[in-house]
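Per-entry structural report
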Amino acid sequence: GGANQKGSNIKDDLQKITPGPCNKCGETEQVNWLKVTKPVDATNTKKEELPWIETPPLSEEEMKKKKEAQLLAKRKEVEEQVKRALEARE
């Protein structure tokens with residue numbers, strides 16, 4: 001809708017709702033009011049709110065495995081670079 005259309009004011013809407021806390025730290029002071037929606041019907045008059053996609057925190061063991069996999073991948077990458085550099089010298 002345009003700025004001159006009658007209807008609900010976003011500021012009024014924000015005063016009626018309360019945001020949830022940060023899912024990581026629980027803080028409620030700094031909040032993102034963005035809502036992700038999609039049209040429910042072809043007229044685009046009704047919208048459905050979509051939940052945010054969040055990745056659950058990793059356990060200590062999962063973090064360790066992830067870090068080891070990243071280090072292994074980096075090591076292979078460096079070894080390949082060294083191999084190519086040695087072959088280029090020959």
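Every residue gets a number counted from 1 within its own chain, in the order that chain's sequence is written. Given that the model is predicted, a residue must reach a pLDDT of at least 70 before its local features are reported, and side-chain atom pairs must reach 80 or more before they are shown or counted; all residues, however, enter totals for whole chains, interfaces and linings. Hydrogens are left out, water is left out, and the side-chain values use all remaining heavy atoms of the structure.

Attention now moves to the overall build of the chain. Helix numbering and strand numbering both begin at the N terminus, where a helix is a DSSP run of H or I of at least 4 residues and a strand a DSSP run of E of at least 2. When you go through the chain residue by residue, the secondary structure sums to two helices and two strands. When the helices and strands of the chain are placed in sequence order, the string is α-β-β-α. The classification of residues rests on relative accessible area computed with a 1.4 Å probe and restricted to protein chains. Under 20% of the type maximum is buried, over 50% is exposed, and intermediate values are partly exposed. Counting the 90 residues in the chain, one finds 0% classified as buried.

Attention now moves to the pattern of salt bridges. Each salt bridge in this description consists of a side-chain nitrogen of Lys or Arg and a carboxyl oxygen of Asp or Glu lying within 4 Å of one another. Summed over all chains, the structure comprises three salt bridges. With a shortest N-O distance of 3.5 Å, E61 and K65 are connected by a salt bridge. Of this pair, E61 and K65 both sit in helix α2 (residues 60–89), four residues apart, roughly one helical turn. Grouping residues by exposure puts E61 and K65 together as exposed.

The patches described consist of residues with a relative accessible area above 30% and no salt bridge, like charges being joined within 9 Å and nonpolar side chains (Val, Leu, Ile, Met, Phe, Trp, Tyr) within 5 Å. Residue exposure ignores everything except the shown protein chains as possible cover, and the areas themselves are Shrake-Rupley values with a 1.4 Å probe. Taken together, the side chains of V78, V82 and L86 present a nonpolar region at the surface, about 240 Å² in accessible area. In this fold, V82 is placed in helix α2.

With that out of the way, let us pick up the environment of E62. Within the element layout of this structure, E62 appears in helix α2. Any pair of nitrogen or oxygen atoms within 3.5 Å is treated as a polar contact; in protein, a donor-acceptor pairing is required on top of that, and neighbouring residues in sequence qualify only through side-chain atoms on both sides. A distance of 2.8 Å separates a polar side-chain atom of E62 from the backbone nitrogen of S59.

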